[in-house]
Amino acid sequence: MNSKRAMAQLLKHLQSAGLTHVPKVELPKNRPPAGPAASKGMVAEKSSGGESSSTDRRSISKPRPASAVAEIRRPSDLLGTDDLQLDGVRKPEQLASVQGILQQSPKSRADREQALCALKDIVAGCKRCTELSSRRTQTVFGVGNPEARIMFIGEAPGADEDAQGEPFVGAAGQLLNKIIGAMTLKREDLYICNILRCRPPGNRNPLPQETANCREFLDAQIKVIQPEYIVCWGTVAAQNLLNETAAVGKMRQKFYEYAGAKVVCTYHPSYLLRNPSAKKQVWDDMKFFMKELGVDLQ
Ligand code: URA
């Protein structure tokens, strides 16, 4: 991501986090590359695939444009800068317990089930996000087939999910179930989870630090399940998984790649509840996706 886009993204994040007054800032002009990272051409725009996660790419240290952020005080200002990404989000230290589970490379159904169970227990005790962990009824880890070919990723639990401990069980989930049926699939064929495992208060958008905190768990679930396909439901899922800044409307009808899976993006079922006319576009996206699996939907 270039520094101008990153700066625009940071300002957007700050505003969505409730910052009402953002000082007028000079966005950096296109500057000549500086520093060792730039000279090695390390600023990649898009996933080139494989296991190199977007988190890895985002953690590449780049010179921070001095003019834009100097006066904005963030919690991360109190932390060391080694693990800061350009947008001021701190990448949490990996948990040895999670990495230990992944090192066992579970392959059989039983081993994958066991690995997911162990990860679920770790997530249940997570307190990385103070606000979310203190307000949740429970964590919402993910459900479904541990050998699923297709993984669905949503945004974050809502009130119903927080109460029941399962993703997509509320109104958006009911609509998602209808879409799954129309795709000639069953919920049990899939693995369903979210970018976040805790409900943000009032269903606000996840904060960048929260998505960074939860990323290790999402990546672990993807590594255990090793889906062939991932469907990102909504902008939050699409942008976070793929480290993109485009709105989901611009990411539809193409395949991306993440961790060995082909990824498609479409509108979130909650968006469809508010904008029923977008159902046609989602259905087009599902036809596009299922065709790749050899299923022609009418
Ligand atoms: N919306 C989501 O993105 N995920 C859920 O689990 C429920 C609603």
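Shown above is the structure to which this text applies.
Rules of the game
Each chain has its residues counted from 1, running along the sequence as written. In view of the model being predicted, local features appear only for residues whose pLDDT reaches at least 70, and side-chain atom pairs are presented and counted only at 80 or more, with totals across whole chains, interfaces and linings using the full set of residues. Excluded from the side-chain calculations are hydrogens and water; all other atoms, namely the structure's heavy atoms, are used. For the purposes of this section, nonpolar cores are sets of buried Ala, Val, Leu, Ile, Met, Phe, Trp, Tyr and Cys residues that join through side-chain atoms within 4.5 Å. Residue burial is assigned from relative accessible area. The probe radius is 1.4 Å, only protein chains are included, and a residue is buried under 20% of its type maximum, exposed over 50%, and partly exposed in between. Helical segments are the DSSP runs of H or I of at least four residues, strand segments are the runs of E of at least two, and each set is numbered from the N terminus. The contact definition used throughout considers only heavy atoms, calling two residues in contact when any of these lie within 4.5 Å. The span one expects for a helix is its residue count, reduced by one, times 1.5 Å. Taking the helix axis as origin, the arc is that swept by the directions to the C-beta atoms. Helix axes are fitted only over the stretch in contact, all axes being lines through C-alpha atoms; the angle between N-to-C directions runs from 0 to 180 degrees. Angle categories: roughly parallel below 35 degrees, roughly antiparallel above 145, roughly perpendicular from 65 to 115, and oblique for all the rest. Amino acids are sorted into nonpolar (Ala, Val, Leu, Ile, Met, Phe, Trp, Tyr, Cys and Pro), charged (Asp, Glu, Lys and Arg) and polar (every other residue, Gly among them). If DSSP finds at least two bridges between two strands, the strands pair. N or O atoms within 3.5 Å of each other form a polar contact, as long as, within protein, one can give a hydrogen and the other can take it, and as long as residues adjacent in sequence are counted only when both atoms are side-chain atoms. For this purpose, a residue is taken to be near a molecule or strand whenever a single non-hydrogen atom of the residue falls within 4 Å of it. The protein chains shown are the only cover counted for residues, whose accessible areas, like all others here, come from Shrake-Rupley with a 1.4 Å probe.

A. Fine view of the nonpolar core. Ranked by internal contacts, the top residues of the largest apolar core, which has 66 residues, are Phe 152, Ile 153 and Leu 241. Ranked by the residues each element gives to this core, the list is headed by helix α10 (residues 208–225), at seven residues. What Phe 152 contacts, discounting residues up to four positions off in sequence, is Leu 176, Ile 180, Met 183, Leu 190, Tyr 191, Ile 192, Cys 193, Val 231 and Trp 233.

B. Looking closely at helix α6 (residues 109–124). Here α6 contains 16 residues, and its C-alpha end-to-end distance of 22 Å stays within 8% of the 22 Å for a straight helix at 1.5 Å per residue. For α6, the full list of buried residues reads Arg 112, Ala 115, Leu 116, Leu 119 and Val 123. Seen from one end, α6 has its buried residues packed into an arc of 100°, which puts them on one side. Exposed and oriented more than 90 degrees from the buried face of α6 are Ala 110, Gln 114 and Asp 121.

C. Quick peek at the packing of α6 against α10. Between α6 and α10, the shortest axis-to-axis distance is 10 Å and the interhelical angle comes to 170°. As the angle between them shows, α6 and α10 are arranged roughly antiparallel. From α6, Arg 112, Ala 115, Leu 116, Leu 119, Ile 122 and Val 123 reach across to α10, where they touch Phe 217, Ala 220, Gln 221, Val 224 and Ile 225. In terms of residue class, the contact of α6 with α10 is built from nine nonpolar, one polar and one charged.

D. Highlighting the pairing of strand β3 (residues 190–194). For β3, a buried count of five out of five residues is recorded, marking the element as mostly surrounded by other parts of the structure. Residue alternation in β3 divides its side chains into two sets, Leu 190, Ile 192 and Asn 194 and Tyr 191 and Cys 193, and both sets are buried. Bridge analysis of strand β1 (residues 143–144) against β3 gives two bridges, and the strand direction is antiparallel. Bridged to Gly 144 within β3 is Tyr 191.

E. Geometry of the sheet that holds β3. Here we have six strands laid out as an open sheet, ordered β1-β3-β2-β4-β6-β5, and mixed in their pairing. Edge positions in the sheet fall to β1 and β5 (256–258), since each has one partner strand and no second. Here strand β2 (residues 150–154) pairs with strand β4 (residues 229–233) via four bridges, running parallel. Considered in β4, the bridge of Ile 153 is made with Cys 232. Where helix α13 (residues 279–292) meets the sheet, its contacts fall on β2, β4 and β6 (261–266), and the angle it forms with β6 comes to roughly 165°.

F. Up close: the environment of Arg 199. Mapped onto the elements of the fold, Arg 199 is located in the loop between β3 and α10. Judged by its relative accessible area of 25%, Arg 199 is partly exposed. When the C-alpha positions of Arg 199 and Pro 157 are compared, they lie 4.7 Å apart, and in sequence the two are 42 residues distant. The residues contacting Arg 199, other than those within four sequence positions of it, are Leu 132, Pro 157, Gly 158, Ala 159 and Asp 162. Side-chain polar atoms of Arg 199 contact the side chain of Asn 203, separated by 2.9 Å.

G. Geometry of the site of the ligand. Lining the immediate environment of the ligand, one finds Gly 154, Glu 155, Ala 156, Glu 161, Pro 167, Phe 168, Asn 194 and His 268. Here a nitrogen atom of the ligand sits 2.8 Å away from a polar atom, N or O, in the side chain of Asn 194. Across the complex, the protein chains shield 93% of the 230 Å² of accessible surface that the ligand would expose by itself. The residue makeup of the shell around the ligand, split by class, is three nonpolar, three polar and two charged.

H. Region of the structure containing the packing of helix α5 (residues 96–103) against α10. Where α5 meets α10, the closest approach of the two axes is 10 Å, and the angle between their N-to-C directions is 10°. The angle between the axes of α5 and α10 places the two elements in the roughly parallel class. Contacts between α5 and α10 involve Val 98, Gln 99 and Leu 102 on the former and, on the latter, Glu 216, Phe 217, Ala 220, Lys 223 and Val 224. Looking at side-chain class alone, the contact of α5 with α10 contains five nonpolar, one polar and two charged residues.

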